[in-house]
Amino acid sequence: MKLINDAHIEEYGTKPEITAKAPGRFHLIGEHSWFFKDKTLSMAVNLPVYVAVSKRQDTSVHFFYKQINEHKKATVNALKYKKEDRWANACKAIVYGFTSGGFEIGGFDLTVYSEILPSAGFGVTTAIKAATLIALQNLFEVKCTDNELLQILERGNRRFLQSENYLSDNYSALFSKKGNLLITDYFKNSWDYVPFNFSDKKIFLIDTKVPRVSIWNEASIFEPQYALLLGDLREQKPNVYGGWQYINNITDINEVLEIETEDVQRKLKSVIREHKDLLEAKTGLETGDFFKFARSVNHSHETMRDMFNMSCPEIDWILKRVSELEPNLELVTNPVTCGRITGKGFGRCLFVVMRENDVENFNSKLNEFEKIFGFHPECYEVEPSDGACIIRD
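Not measured: the values here are computed from a predicted model. (Residues numbered from 1 in each chain as written. Predicted model: local features only at pLDDT ≥ 70, side-chain atom pairs only at ≥ 80, totals over all residues. Heavy atoms only, no water.)

Caption draft 1: Molecular detail of the overall build of the protein chain. Scanning the protein chain for helices and strands turns up 11 helices and 14 strands. Here the C-alpha coordinates of the protein chain stretch approximately 65 × 50 × 35 Å along the principal axes. Sequence-distant contacts in the protein chain: of pairs separated by 6 or more residues, those separated by 24 or more amount to 72%. Total accessible area on the protein chain stands at roughly 17,400 Å², and carbon and sulfur atoms take up 47% of it. The distance from the centre of the 48 positive side-chain charges to the centre of the 55 negative ones in the protein chain is 4 Å. (Helix = DSSP H or I, 4+ residues; strand = E, 2+ residues; numbered from the N terminus. Contact = heavy atoms within 4.5 Å. Areas by Shrake-Rupley, 256 points an atom, 1.4 Å probe, with all protein chains shown as cover. Lys, Arg positive; Asp, Glu negative; His and termini not counted. Charge placed at Lys NZ, Arg CZ, Asp CG, Glu CD.)

Caption draft 2: Representation of the packing of aromatic side chains. Counting across every chain of the model gives 27 aromatic pairs. Here the aromatic rings of Tyr96 and Phe160 are separated by 5.8 Å at their centres, their planes lie at 35 degrees, and the arrangement is tilted. Placement of the pair is Tyr96 in helix H2 (residues 87-99) and Phe160 in helix H4 (residues 146-160), with a sequence separation of 64 residues. Tyr96 sits in the partly exposed class, given a relative accessible area of 24%. (Phe/Tyr/Trp six-rings, centres within 6.5 Å; stacked < 30°, edge-to-face > 60°. Buried < 20%, exposed > 50% of the residue type's maximum accessible area, 1.4 Å probe, protein only.)

Caption draft 3: Region of the structure containing the sheet that holds strand S12 (residues 349-355). Taken in spatial order, the 4 strands of this open sheet run S11-S12-S8-S13, and their pairing is antiparallel. The sheet terminates laterally at strand S11 (338-342) and strand S13 (378-382), the two strands that pair on one side only. Averaged over all adjacent pairs, the angle separating strand axes in this sheet is 20 degrees, with direction ignored. Where strand S8 (residues 201-207) and S13 come together, 5 bridges link them in antiparallel fashion. If you follow Phe204 over to S13, its bridge partner there is Glu381. Packing of helix H9 (residues 290-306) onto the sheet brings it into contact with S8, S11 and S12, and relative to S11 it is tilted by some 35 degrees. Against the sheet, helix H10 (residues 313-323) touches S11 and S12, its axis set at about 5 degrees to S12. (Pairing = 2+ DSSP bridges. Axes fitted to C-alpha atoms, helices over the stretch in contact; angles between N-to-C directions.)

Caption draft 4: Highlighting the pairing of S11. Burial analysis of S11 places 5 of its 5 residues in the buried class, which makes it a mostly covered element. Burial along S11 is two-sided: the residues Cys338, Arg340 and Thr342 and Gly339 and Ile341 are all buried. Looking at chain direction, S11 and S12 are connected through 5 bridges and run antiparallel. The residue bridging Thr342 from the neighbouring strand is Cys349, located in S12.

Caption draft 5: Structural context of the nonpolar core. Counting 122 residues, the largest nonpolar core has Phe108, Leu136 and Phe293 as the members making the most contacts within it. With 10 residues, the top contributor of residues to this core is helix H3 (residues 124-139). If we skip the residues at most four places from it in the chain, Phe108 touches Val53, Ser54, Lys55, Arg56, Ser60, Val61, His62, Phe63, Val95, Leu136, Leu139 and Phe140. (Core = buried A, V, L, I, M, F, W, Y, C linked by side-chain atoms within 4.5 Å.)

Caption draft 6: Spotlight on the environment of Gly121. You can see Gly121 is positioned in the loop between strand S5 (108-113) and H3. Accessibility expressed as a relative area gives 38% for Gly121, which makes it partly exposed. Placed 222 residues apart in sequence, Gly121 and Gly343 show a C-alpha to C-alpha distance of 7.2 Å.

Caption draft 7: Broad picture of H9. Between its first and last C-alpha atoms H9 spans 24 Å; for 17 residues at 1.5 Å apiece the expected length is 24 Å, and the two agree. Those residues of H9 that sit buried are Phe290, Phe293, Ala294, Ser296, Val297, Ser300, His301, Thr303 and Met304. On its buried face, H9 is in contact with strand S1 (18-29), S8, helix H8 (262-287), H10, S11 and S12. For H9, the side-chain oxygen to backbone nitrogen distance between the N-cap and Phe291 is 3.1 Å, and the N-cap itself is Asp289. (Expected span 1.5 Å × (residues − 1). Polar contact = N/O pair within 3.5 Å; in protein donor to acceptor, adjacent residues only side chain to side chain.)

Caption draft 8: Inspection of the environment of Pro377 at higher detail. Its place among the elements puts Pro377 in the loop between helix H11 (359-373) and S13. Separated by 168 residues in sequence, Pro377 and Lys209 have C-alpha atoms that sit 5.7 Å apart. Apart from the residues lying within four places of it in its own chain, the contact partners of Pro377 are Ile206, Asp207, Thr208, Lys209, Leu366, Phe369 and Glu370.

Rendered as structure tokens:
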């Protein structure tokens, strides 16, 4: 907290009145299924973004990002989206979310402090929004419910940024709980906690630094007719989490999807597989069965790679090395490690979960990766963390 307070004082000449933080985040399974009202399994992590704010006597707003030494300005009642403002647009979206909802806020100075930059893709932009949201709520003593906070985020995303509003991103940033993962149910617009009790495991997020490329347009299957097709393949199951599941009969699935091209069929089938993997991962987490959880994660990556076409040779190479950390081939069906590409669209990031005594060997594999591919990956050890909160002195 001292570092962001000092940065705010250095920039504005006054101590911040409110300081907030929000966690980074990654999605384990299901981040490509939101359009079909499916579920997403997410983890908020201890890669925090800090936001400090203090009131001004006018209606101006000043933004400062310490790590990149960038300054931006706007006014509360004349906000404009500017492509060059990048990270500051996330802050402005929250201001817009308040004012467009009839909440009164005045001018303020704001400092962002984050060791992880938004370009890394670990939910940093959403964390900036969430920390700004609760910082301004407290600074101007805005009385609103959790649902109204979510509406502020949604207005900022949809109306100001003209972007999609991902519930799993918002829920993870605001409501996560230390030691737990979070499941977003897009059909019910709700979330639940699932404990992560594998204390003997280490979790790593890796930014491979591989250039982002567009292999295919993910949104190409986000069409109402495809949602209707998948809807026809659901069956009500009161004893299943969420109350439904996709049918298992492959013949029936093929009959429903046969009107579409092979490419569309493959991608819709991958959505079906993702839903099953998520439910199995949840069961593994709840029962303490790491083998079941790990199989689900690894199977999900295979889906991303083979059916969704969302991986790349560099990420697959790392995950292959992770699977080889257990030399006993008899344990292939009961993996002691797991990993998967993570991120909407094609990203360059992945996560892995492994035994503590495998960490040194894994680090040596990352060094080998750099020599082979020429990219210098960034690796972060993480753990499930709390959602956005105000930091008290």
